[in-house]
Amino acid sequence: MNNVDALLPRIDEIATAMIARCAVEIPAYRLLPASVLEGDLVANAKGVFELFLTTVAEGRPPTEQELAPPIAWGAERARDGLPLEAVLQTYPTGAGVAWAMAAEGDVDLEVLGTRMIGFLGAVIPRVAAAYLRERDDLDWEQREDRQNLAAGLLAGRPARRAASRKLADSYDVVVFHLPALPADSGPRAATNLFRQIRSDMDSQPDVLVTFKDDGGIVLVPTGGADRLMSRIDAVTGHRCVAAAATAATHADIPAAHNEAAEVLALAENLSRPPGLYRLADLAIEYQIAQPGPARELLARVLAPLAGHPHLIDTLRGFVLSGYHRGDAAAALNIHRNTLTYRLGRIQILTGHDATQPADARHLAAAITAYDIIRHASR
């Protein structure tokens, strides 16, 4: 085959495109955290395609030793809770992406197609067998059933009669994001956290869970949200930012999910510390977040600080500290005298004194409106 080596420099591009296509075309992949899709799965796709190109260039089938990693990855997909059809569909989907990119260059497509069919024929049956062996060691059907129940209730679909016997009458809907990991954690760190949380959820039969983006959505019987997040924090070794809303009936679950998602986004946009938030915790901020002339007016209070981002950071830190000078100075890593000077500058520029109760409330509302508008414009 001519110029197959031309595809080697594009392996990263091809692997990323393969997983992106899978996330679009295979619904089950959209339930995986983004960090897993963009990290572990892209790395797996790169390894498979690199093996394929190597065997094509050398005109031979892959050896059993070379097939060991893709086979092991098939077992990992079982632990991720992906159904077998979704796992196997990845291969023809990825082959289509690779074929389209190969067609852009000077490659003998007839030979490529023949070798690709042979490669898929060697890989897919072994991956399926490894997956089924792994699934036999897991209570996979129960996991799948609970995930489908969660997805159905979140979509507003009534539970099947058999499933309804397993459900609580009311739920706390908890939305959380996986904690940010250090840059040097490695590509599998987020995947490992994801699996640890799923494994722990498997041990709680009254909890229904599904995953989305870089976090999860959990239905826990009413009153269990705090206990649940304590377990998740313990499993991850980091405190997560989470939000909860109560659904009094199954029909209320979609609305409770929307409320929890809005509260979580608000907490993150306002840089609130990790913890579990409810609407009552951020009721004032939630109201200020609603678009309208009042929000714009509040944000304009800080317009004189536009050229002084350190003053905006100082005001935010002072508000988040509960107006405690020592705590604010420590959080901002500045001397108390520097904090006092900056608060004085804020008063001169805005006309509001952050150390006086009435002005402090006004500035707190202003920084909330400012942060919400800033995040919305990104």
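Please read all numbers here as calculations on a predicted model, not as lab measurements. Residue positions within a chain follow its written sequence, with the count starting from 1. Since the coordinates come from a predicted model, pLDDT governs what is reported: local features require at least 70, and pairs of side-chain atoms require 80 or more to be given and counted, while whole-chain, interface and lining totals use all residues. Heavy atoms from the whole structure form the basis of all side-chain values; hydrogens and water molecules are not counted.

Asker: So what's going on with the overall build of the chain? Which residues, and what values?
Answerer: A run of DSSP states H or I qualifies as a helix once it reaches four residues; a run of E qualifies as a strand once it reaches two. Both are numbered from the N-terminal end. Looking only at helices and strands, one finds 16 helices and 5 strands in the chain. Each principal axis of the C-alpha distribution contributes one length, and for the chain these read about 80 × 55 × 35 Å. Relative accessible area decides the class of each residue, using a 1.4 Å probe on protein chains only: under 20% of the type maximum gives buried, over 50% gives exposed, and in between gives partly exposed. The burial tally for the chain puts 47% of its 378 residues in the buried class. Pairs of residues are marked as contacts when any of their non-hydrogen atoms sit within 4.5 Å. Restricting to contacts in the chain with at least 6 residues of sequence separation, those with at least 24 account for 72%. Method for areas: the Shrake-Rupley scheme with a 1.4 Å probe, in which residue coverage is limited to the protein chains shown. By element, 54% of the accessible surface of the chain is carried by carbon and sulfur atoms, the whole surface being about 18,200 Å². Under this rule, positive means Lys or Arg and negative means Asp or Glu; His and the chain ends count for nothing. Taken as the charge location is NZ of Lys, CZ of Arg, CG of Asp or CD of Glu. If you average the places of the 37 positive and of the 46 negative side-chain charges in the chain, the two averages end up 5 Å apart.

Asker: Describe the pattern of salt bridges, with residues and values.
Answerer: By definition, a salt bridge exists where a carboxyl oxygen of Asp or Glu is found within 4 Å of a side-chain nitrogen of Lys or Arg. Inspection of every chain in the model, using the stated rule, returns 14 salt bridges. Arg 239 is the salt-bridge partner of Asp 233, the closest N and O atoms lying 3.9 Å from each other. Residue class for Asp 233 comes out buried when judged on its relative accessible area of 15%. When salt bridges that share partners are traced, they join Asp 313, Arg 316, Asp 371 and Arg 374 into one network.

Asker: Can you tell me about the pairing of strand β2 (residues 208-212), naming the residues and giving the values?
Answerer: For β2, a buried count of 4 out of 5 residues is recorded, marking the element as mostly surrounded by other parts of the structure. Pairing geometry for β2 and strand β3 (residues 215-221), over 5 bridges, is antiparallel. Along β3, the bridge assignment pairs Leu 208 with Leu 219. When DSSP finds two or more bridges between two strands, those strands count as paired.

Asker: Explain the confidence of the model for the chain to me, using residue names and the numbers behind them.
Answerer: Confidence per residue, as judged by the predictor, is encoded in pLDDT with a range of 0 to 100. Mean pLDDT for the chain: 85, with 93% of residues reaching 70 or above. No element of the chain has a lower mean pLDDT than helix α7 (residues 161-164), which averages 59, and none a higher one than strand β4 (residues 241-247), which averages 96.

Asker: Which residues make up the nonpolar core, and what are the values?
Answerer: Core analysis: the largest hydrophobic core is formed by 64 residues, its most contacted members being Tyr 29, Val 174 and Phe 176. With 11 residues, the single largest contributor to this core is helix α2 (residues 34-58). Setting aside anything within four residues of it in sequence, one finds Tyr 29 in contact with Cys 22, Ala 23, Leu 37, Leu 41, Arg 77, Leu 82, Ala 86, Val 87 and Thr 90. Membership of the second largest hydrophobic core comes to 28 residues, among which are Leu 153, Leu 219, Ala 267 and Ala 289. Residues belong to a common nonpolar core when they are buried Ala, Val, Leu, Ile, Met, Phe, Trp, Tyr or Cys residues joined through side-chain atoms within 4.5 Å.

Asker: Could you give an account of the sheet that holds β3, with specific residues and numbers?
Answerer: Pairing is mixed across the open sheet formed by 5 strands, whose spatial order is β2-β3-β1-β4-β5. The two strands at the open ends of the sheet, each matched to only one other strand, are β2 and β5 (275-277). In this sheet, adjacent strand axes meet at a mean angle of 20 degrees when their direction is disregarded. Sheet analysis places β4 next to β5, joined by 3 bridges and oriented parallel. When the bridges of β5 are listed, Ala 242 appears paired with Leu 276. For helices, the fitted axis covers only the stretch in contact; all axes are lines through C-alpha atoms, and the angles between them, taken along N-to-C directions, range from 0 to 180 degrees.

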